[in-house]
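If you want the building blocks of each chain, they are given just below.
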Amino acid sequence: MTLDSKVPGGPIEGKWDRHKFDSKLVNPANRRKLTVLCVGTGLAGASASAALGELGYNVLTFCIHDSPRRAHSIAAQGGINAAKNYRNDGDSVYRLFYDTVKGGDYRAREANVYRLAQVSVDIIDQCVAQGVPFAREYGGLLDNRSFGGAQVSRTFYARGQTGQQLLIGAYQSMMRQVDAGTVTLMPQREMLDVVIVDGQARGIITRNLTTGELEKWAGDAVLLATGGYGTAYYLSTNAVNSNVTASWRAHKRGALFANPCFTQIHPTCIPVSGDHQSKLTLMSESLRNDGRVWVPKTPGDRRPPQQIPEAERDYYLERRYPSFGNLVPRDVASRAAKLVCDEGLGVGETGLAVYLDFADSINRLGKDVIKQRYGNLFDMYQKITDDNPYEVPMRIFPAVHYTMGGLWVDYNLMSTIPGLHVLGEANFSDHGANRLGASALMQGLADGYFVIPYTLSHYLASTALPKVTTDHDAFREAASNAQGQISRLLSIKGNKTPRELHRQLGRVVWDYVGMCAHRDPASARRVLAERVGAGRGQQHEQEPRVRRSRRRLPRVRRVAGPRRADA
């Protein structure tokens, strides 16, 4: 198979505008004759359904939950990036493009990322028109705040509820089309297979999670907007239903996977409390704007944080990275937290946590200002931990949050299966996953609102699509295979639950391809000890050269960004 990215020629600044003009269009009268199957109702899926329904296509949208409002997009609460340069601090489309490519460790496709930066400014206008309650300055203009990995303020936010508010905006736009009759919503369905007819994606097999019935659906194109593979690590910030099985089933049908080496470890999660947990809770990265990260200077210091004087605290991010301080990129903050905990400086009962302290900001700005900015996050933290973060520092530790790898797509967001388009986190192409915050929301809405309406129309207008119904042999075969797989799994009668096996898998990938890709625990401890000894007093952290164990294990790529925080 030869991969053709279909990236237009010419200067990168003009690729998308020229491509839109060159793309074929579908006559408005013909759109209602075409059926599009959209799997997923997060930001990418809901926005795509709304946009395509508004254009007049017949859209069938499938949701694994009882309501699209339960999609995992709500977990990205800190903000959404856009290159509007409201702060006049040097931001631009090119700078957002540059930061995202660099943040992705140069693994993203540059043409896709530049398009993402271009349409970011339109996303904000679209969401404001939908009524998304972005924060505003005193004069009424939209406010911005800083986010880790960038030196400009380009992040638009709605307190600590940005993902939730953006999802509600996309959801209400989609439900408007449901009312208009162009979108049909199918809740509590899980996709079990993609149906391929004459080499084209022409339908899907779903399971009704209420009745257990297998269902067949035919269409002219299929969109997958089902998120990433973060739950491979078992404990992650992802919802339990974010299970990546839709992408896996598409992969088994021939959709290639790309870049799965790149996983974002978020530094601001509530630490693990025990084996009873099935997921972790994310605290927004926006907290690092006003919170200071520190640990005791003495290993094993178990005093309450209020009893540890300033002279005995190590504000290690401010010490190591003075140009970024607590706003270092996510991978740097995560590895630094792991390093100090491996040194024995971690806090809490497990020693796998660091403090995120708001005392200085509360003294400087007042409790009311901090409450206005982060009140809902503080309330959530207190409900989960029973600690009042206005009075004692939060405890945080890194956890898996976002993935950049996914199904390979070309510039038109189409996979290696003709007709199967992949949007948002489920594809591999755009996001600077390991380092940047506030970009996941941007990619999902960009793909749904502003990219797929053009690229899907080009596919539908330029491809012969003979009428196909669910009576076709390919549908019967796919449904039979799906039922056979279910029957085989139920007949195993093993002595371990899927949850136990999943937990074991998660521990393996966390230990070997988590924040550091080490060969065995002893080697990991040895490397960390050497790294601590060599790194004291240095301004910038250097990546370790991992010693290879004599045991022959599969090679894995390290999960890391550029070698320096300001590289």
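The notes below deal with the structure included here. Note that the structure is predicted; figures quoted are calculated from it, not measured.

Overview of the overall build of the protein chain
Step number 1: In terms of regular secondary structure, the protein chain is built from 15 helices and 17 strands.
Step number 2: Residues classed as buried in the protein chain amount to 57% of the 567 residues present.
Step number 3: Here the protein chain has roughly 24,400 Å² of accessible surface; of this, 50% comes from carbon and sulfur atoms.

Re helix α13 (residues 473-491)
Step number 1: Between its first and last C-alpha, α13 extends 27 Å over 19 residues, near the 27 Å set by a 1.5 Å rise per residue.
Step number 2: Listed as buried for α13 are A474, F475, A478, A479, A482 and I486. End-on view of α13: buried residues confined to an arc of 135°, all on one side of the axis.

What about the sheet that holds strand β17 (residues 420-422)?
Step number 1: If you walk across this open sheet you meet the five strands as β5-β2-β1-β9-β17, and the pairing is parallel. In this open sheet, the two strands that pair with only one neighbour each are β5 (183-186) and β17. Looking at each pair of strands side by side, their axes are set apart by 20° on average, direction ignored.
Step number 2: Of the pairings in the sheet, the one linking strand β2 (residues 58-62) to β5 comprises four bridges and is parallel in character. Across the sheet, T61 pairs through a bridge with L185, a residue of β5.
Step number 3: In the packing of helix α3 (residues 43-55) onto the sheet, contacts are made with β1 (35-39), β2, β5 and β9 (221-224), and the angle to β2 comes to roughly 165°.

Considerations on the side chain of D99
Step number 1: Here D99 shows up in helix α4 (residues 93-103).
Step number 2: Residue classification places D99 among the buried residues on the basis of a relative accessible area of 8%.
Step number 3: D99 has contacts with A150, R154 and L436, leaving out every residue within four places of it along the chain.

Focus: the packing of aromatic side chains
Step number 1: Counted according to the given criterion, the structure contains 17 aromatic pairs.
Step number 2: With a centroid separation of 4.7 Å and 40° between ring planes, the pair formed by W294 and Y355 is classed as tilted. Residue W294 is located in strand β12 (residues 292-296), and its partner Y355 is located in strand β14 (residues 354-357); the two are separated by 61 residues in the primary sequence.
Step number 3: On the basis of relative accessibility, which here comes to 0%, the residue W294 falls in the buried class.
Step number 4: Judged by relative accessible area, which is 7%, Y355 ranks as buried.
Step number 5: Following the ring pairs from residue to residue traces out a cluster consisting of F358, Y374, F378 and Y390.
Step number 6: Its guanidinium or amino end placed over the ring of W16, R115 lies 4.8 Å from that ring's centre, counting from NZ or CZ.
Step number 7: The residue whose ring lies beneath R292 is Y315, and the NZ or CZ to ring-centre distance is 3.8 Å.

Concerning the pairing of β14
Step number 1: The alternating pattern of β14 places V354 and L356 and Y355 and D357 on opposite faces, both of which are buried.
Step number 2: Sheet topology places β12 next to β14; three bridges connect them, and they run antiparallel. Counterpart to W294 in the pairing with β14 is Y355.
Step number 3: In this structure, β14 lies alongside strand β15 (residues 394-403), joined through three bridges in antiparallel fashion. Looking at the pairing, Y355 lines up with R395 of β15.

Quick word on the sheet that holds strand β8 (residues 214-218)
Step number 1: Ordered in space as β6-β7-β8, the three strands form an open sheet in which the pairing is antiparallel. Whereas interior strands pair on both sides, the edge strands pair on one side only; in this sheet they are β6 (189-197) and β8. Looking at each pair of strands side by side, their axes are set apart by 25° on average, direction ignored.

Here's the deal with the packing of α3 against helix α6 (residues 162-180)
The description of two helices packed together rests on the angle between their axes and the distance between the axes.
Step number 1: The interhelical angle for the contact between α3 and α6, taken along N-to-C directions, is 35°, at an axis separation of 8 Å. Relative to α6, the crossing made by α3 is left-handed. Each of L43, A46, S47, S49, A50, G53 and E54 in α3 lies in contact with α6, whose residues at this interface are L166, L167, A170, Y171, S173, M174, R176 and Q177.
Step number 2: Partitioned by chemical class, the residues of the contact of α3 with α6 number eight nonpolar, five polar and two charged.

Notes on the pattern of salt bridges
Step number 1: Applying the stated rule across the entire model yields 29 salt bridges.
Step number 2: Residue D331 pairs with R335 through a salt bridge whose shortest N-O separation is 3.1 Å. Note that D331 and R335 are positioned in helix α9 (residues 330-342) at a spacing of four residues, about one turn of the helix. Grouping residues by exposure puts D331 and R335 together as buried.
Step number 3: What you see here is one network of salt bridges that share partners, running through R87, E137 and D143.

Considerations on the nonpolar core
Step number 1: Judged by nonpolar contacts, the single largest core of 88 residues is most densely connected at I80, F134, L166, L223, L456 and L460.
Step number 2: Considering each element in turn, this core owes the most residues, 11 residues, to helix α12 (residues 440-462).
Step number 3: The residues touching L166, leaving out its near neighbours within four places in the chain, are L43, I80, C127, V132, F134, L441 and L445.
Step number 4: By size, the runner-up hydrophobic cluster in this structure holds 30 residues, among which are M283, L317, F378 and Y390.

Remarks on the layout of surface pockets
Step number 1: Reported here for the largest pocket is a volume of approximately 1,800 Å³.
Step number 2: Taken together, 47 residues line the largest pocket, and the ones lying closest to its centre are N243, V244, T245, W248 and R249.
Step number 3: Looking at the lining of the largest pocket, the elements that each hand over two or more residues are β6, α7 (245-252), α13 and α14 (498-513).
Step number 4: For the lining of the largest pocket, the residue count by class is 25 nonpolar, 12 polar and 10 charged.

Cut-offs and rules
- Position labels on residues start from 1 in each chain and follow its written sequence.
- Where local features are concerned, this predicted model is filtered to residues with pLDDT of at least 70; where side-chain atom pairs are given and counted, the filter is 80 or more; whole-chain, interface and lining totals use all residues.
- Working from all heavy atoms in the structure, the side-chain values ignore hydrogens and water.
- Helix and strand definitions here come from DSSP, where helices need a minimum of 4 consecutive H or I residues and strands a minimum of 2 consecutive E residues; each element is numbered from the N-terminal end.
- Buried, partly exposed and exposed residues are distinguished by accessible area as a fraction of the type maximum, computed with a 1.4 Å probe on protein chains only: under 20%, between the cut-offs, and over 50%, respectively.
- Calculation of accessible area relied on Shrake-Rupley with a 1.4 Å probe; when residues are assessed, cover is drawn exclusively from the protein chains displayed.
- To estimate the expected span of a helix, count its residues, drop one, and scale the result by 1.5 Å.
- The arc in question is the one traced by the directions running from the helix axis out to the C-beta atoms.
- When DSSP finds two or more bridges between a pair of strands, those strands are recorded as paired.
- Axes, fitted as lines to C-alpha atoms, cover a helix only where it is in contact. Angles between the N-to-C directions of the axes lie from 0 to 180 degrees.
- Note on contacts: a residue pair is in contact if any heavy atoms of the two residues lie within 4.5 Å.
- Two aromatic rings, drawn from Phe, Tyr or Trp (for Trp, its six-membered ring), form a pair once their centres lie within 6.5 Å of each other, and the interplanar angle then sorts them: stacked below 30 degrees, edge-to-face above 60, tilted otherwise.
- Charge-over-ring contacts are defined here by two conditions on Lys NZ or Arg CZ: a distance within 6 Å of the ring centre and an angle within 35 degrees of the ring normal.
- Here is the rule for handedness: rotate from the far helix to the near one, and if that takes an anticlockwise turn smaller than a right angle the crossing is left-handed, while a clockwise turn gives right-handed.
- Under the grouping applied here, Gly and all other residues not named as nonpolar or charged are polar, the nonpolar ones being Ala, Val, Leu, Ile, Met, Phe, Trp, Tyr, Cys and Pro and the charged ones Asp, Glu, Lys and Arg.
- One side-chain nitrogen of Lys or Arg within 4 Å of one carboxyl oxygen of Asp or Glu is enough to make a salt bridge.
- Only buried residues count toward a nonpolar core. Its members are Ala, Val, Leu, Ile, Met, Phe, Trp, Tyr and Cys residues joined through side-chain atoms within 4.5 Å.
- Definitions used throughout: a 1 Å grid over protein atoms alone; a cavity as a set of points that fits a 1.4 Å probe which cannot get out; a pocket as an open set with protein on both sides within 12 Å along at least five of seven lines; a lining residue as one with an atom within 4 Å of a point.
- Grid points are joined across faces, edges and corners, and a volume is the space filled by probe spheres set on the points.

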